[in-house]
Amino acid sequence: QQQVKQSPQSLIVQKGGISIINCAYENTAFDYFPWYQQFPGKGPALLIAIRPDVSEKKEGRFTISFNKSAKQFSLHIMDSQPGDSATYFCAAVLSGYSTLTFGKGTMLLVSP
Amino acid sequence: ETGVTQTPRHLVMGMTNKKSLKCEQHLGHNAMYWYKQSAKKPLELMFVYSLEERVENNSVPSRFSPECPNSSHLFLHLHTLQPEDSALYLCASRGQGAAEAFFGQGTRLTVV
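Once a new chain begins, its residue numbering starts again from 1 and follows that chain's sequence as written. Written order determines the labels here, with chains lettered from A and ligands numbered from 1. Residues qualify for local features only when their pLDDT is at least 70, as the model is predicted, and side-chain atom pairs are given and counted only at 80 or more; totals for whole chains, interfaces and linings, by contrast, use all residues. Side-chain measures here rest on the full set of heavy atoms in the structure, leaving out hydrogens and waters.

(A) Spatial organisation of the overall build of chain A. Each helix is a run of H or I in the DSSP string that is no shorter than four residues. Each strand is a run of E no shorter than two, and both are numbered from the N terminus. Within chain A, the regular secondary structure consists of zero helices and 11 strands. Moving toward the C terminus, one meets the helices and strands of chain A in the order β-β-β-β-β-β-β-β-β-β-β. For 112 residues, the compact-globule estimate of 2.2 N^0.38 gives 13 Å, and chain A sits close to it at 13 Å. Taken along its principal axes, the extent of the C-alpha atoms in chain A is 40 × 30 × 20 Å. Here the globule rule is a power law, 2.2 Å times the number of residues to the power 0.38, and the radius of gyration is based on C-alpha atoms.

(B) Structural context of the sheet that holds strand S7 (residues 64-70) of chain B. All names here are of chain B. Across the sheet, which stays open at both edges, the four strands sit in the order S1-S3-S8-S7 with antiparallel pairing between neighbours. Either end of the sheet is taken by a strand with one partner, and the two such strands are strand S1 (4-7) and S7. Sheet twist, expressed as the average angle between the axes of neighbouring strands with direction ignored, equals 20 degrees. Criterion used throughout: strands pair if DSSP finds at least two bridges between them. One ladder, built from five bridges, connects S7 with strand S8 (residues 73-79); its direction is antiparallel. Bridging across to S8, Ser65 finds its partner in His77. Angles shown run from 0 to 180 degrees and are taken between the N-to-C directions of axes, each axis being a line fitted to C-alpha atoms and, for helices, limited to the stretch in contact.

(C) Local environment of the sheet that holds strand S8 (residues 72-77) of chain A. Residue and element names in this part refer to chain A. A sheet is described by the order of its strands in space; here five strands give the open sequence S1-S3-S8-S7-S6, paired in antiparallel fashion. If you trace the sheet from one side to the other, it starts and ends with strand S1 (4-7) and strand S6 (56-59), each paired once. Averaged over all neighbouring strand pairs, the angle between strand axes comes to 15 degrees, with direction disregarded. Summarising the sheet, S6 and strand S7 (residues 62-67) pair through four bridges and their orientation is antiparallel.

(D) Spotlight on a nonpolar patch on the surface. A cluster of nonpolar residues, A:Ile18, A:Ile20 and A:Met78, forms a patch on the protein surface that exposes about 240 Å² of accessible area. Considering the arrangement of structural elements, one finds A:Ile18 in the loop between strand S2 (10-14) and strand S3 (19-25). Exposure above 30% relative accessible area and the lack of any salt bridge qualify a residue for a patch; like charges then connect within 9 Å, and the nonpolar side chains Val, Leu, Ile, Met, Phe, Trp and Tyr within 5 Å. Each accessible area is a Shrake-Rupley estimate made with a 1.4 Å probe; only the visible protein chains count as cover when residues are assessed. A carboxyl oxygen of Asp or Glu within 4 Å of a side-chain nitrogen of Lys or Arg is what we treat as a salt bridge.

(E) The arrangement of the interface of chain A and chain B in detail. Two residues form a contact once any of their heavy atoms are found within 4.5 Å. Between chain A and chain B, the residue contacts involve 21 residues of the former and 20 residues of the latter. Throughout, buried area stands for the accessible area (probe radius 1.4 Å) lost by two parts on being put together, summed over both. Together chain A and chain B conceal approximately 1800 Å² of surface at their shared face, both sides included; 56% is due to carbon and sulfur atoms. Run the count over chain A and chain B and you get zero salt bridges. For this analysis, a polar contact is any N or O atom pair within 3.5 Å, provided that within protein one partner can donate a hydrogen and the other can accept it, and provided that sequence-adjacent residues contribute only side-chain to side-chain pairs. Where chain A touches chain B, the interface holds four residue pairs in polar contact (both at pLDDT 80 or more). Those elements that place two or more of their residues in the side of chain A that touches chain B are strand S4 (33-38), strand S9 (86-93) and strand S10 (100-102) of chain A.

(F) Region of interest: the state of the cysteines. For this text, the term disulfide refers to a pair of cysteine sulfurs within 2.5 Å. Going through the model one piece at a time under the given rule, you end up with two disulfides over all chains. The disulfide bridge from A:Cys23 ends at A:Cys90, spanning 1.9 Å between sulfur atoms. Measuring handedness by torsion sign, the sulfur bridge of A:Cys23 and A:Cys90 sits at about -95 degrees and is left-handed. Of this pair, A:Cys23 sits in strand S3 while A:Cys90 is found in strand S9, placing the two residues 67 residues apart along the sequence. Linked covalently through their sulfurs, B:Cys23 and B:Cys91 form a disulfide whose S-S length is 1.9 Å. Taking the sign of the S-S torsion, -75 degrees for the link of B:Cys23 and B:Cys91, the bridge is left-handed. Highlighted residues: B:Cys23 in strand S3 (residues 18-25) and B:Cys91 in strand S9 (residues 87-94), separated in sequence by 68 residues. Here the two residues B:Cys23 and B:Cys91 agree in accessibility, since each one is buried. B:Cys68 carries a free sulfur, and the closest cysteine sulfur to it, the one in B:Cys91, is 9.0 Å from it. Overall, B:Cys68 belongs to the partly exposed group, its relative accessible area being 25%. Think of it in three bands: residues with accessible area under 20% of the maximum for their type are buried, residues over 50% are exposed, and the middle band is partly exposed, with areas taken using a 1.4 Å probe on protein chains only.

(G) View of the side chain of B:Ser38. Residues and elements named next belong to chain B. Inspection of the secondary structure assignment puts Ser38 in the loop between strand S4 (31-37) and strand S5 (44-50). Classification of Ser38 as buried rests on a relative accessible area of 17%. Beyond its immediate stretch of four places on either side in the chain, Ser38 contacts Ser86 and Ala87.

(H) Structural detail: the pattern of salt bridges. Counted according to the given criterion, the structure contains four salt bridges over all chains. As a salt-bridge pair, A:Glu59 and A:Lys57 come within 3.6 Å of each other at their nearest N and O atoms. Residue classification places A:Glu59 among the partly exposed positions, given a relative accessible area of 36%. The class for A:Lys57 is partly exposed, based on a relative accessible area of 32%. In this structure, the salt-bridge partner of B:Asp85 is B:Arg63, at a minimum N-O distance of 2.6 Å. Note that B:Asp85 is positioned in the loop between S8 and S9 and B:Arg63 in the loop between strand S6 (54-56) and S7, a separation of 22 residues in sequence. Across the pair, B:Arg63 and B:Asp85 agree in class, each one buried.

Shape is all these values report; function is a separate question.
Here it is as structure tokens:
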């Protein structure tokens, strides 16, 4: 049973545009929501993360928006660059337990 | 570098071979994971080892056998694999009570 639903599956954005990736979760006990970035042939790397007690977190061009009541969170990439082209995974974590639950991933292509 | 090292980076093996993948971390983490990543498919959790529990995905075939001799090392023993087992195998680790997981670069496995 997939507990984190991620959309879209793929996304093409022009350079300088805004990339938006959405995730929805089911288990309200999750207490940490990271985003991972993965380049071809590499392992996923932690990009940015948020806890449910805040509605937004910004790090440079990357922002997470969190809607606890809707059980949704999203990643916004401002001023998208070709170097941002990668696969992005959202995840949900229950601290104190081993399992990390990942979304299916979004392949982002930023065209020059 | 995430501090999680996987060897080898690439492996080609025949269906009758026996090989092992190795993962090593010296981050003081006490939970380690094996994930399988196939082309255009989501991350698939295979095994988790932690102080609290060992979690096993029941859909993983017995031709994959994990071993965790200590908290810093994790192995995945492979025998009589099938071509559909060709994938990127990712190791990850996580500290006790921590939310972030750190991934290795992966082993690209090709079964011929």
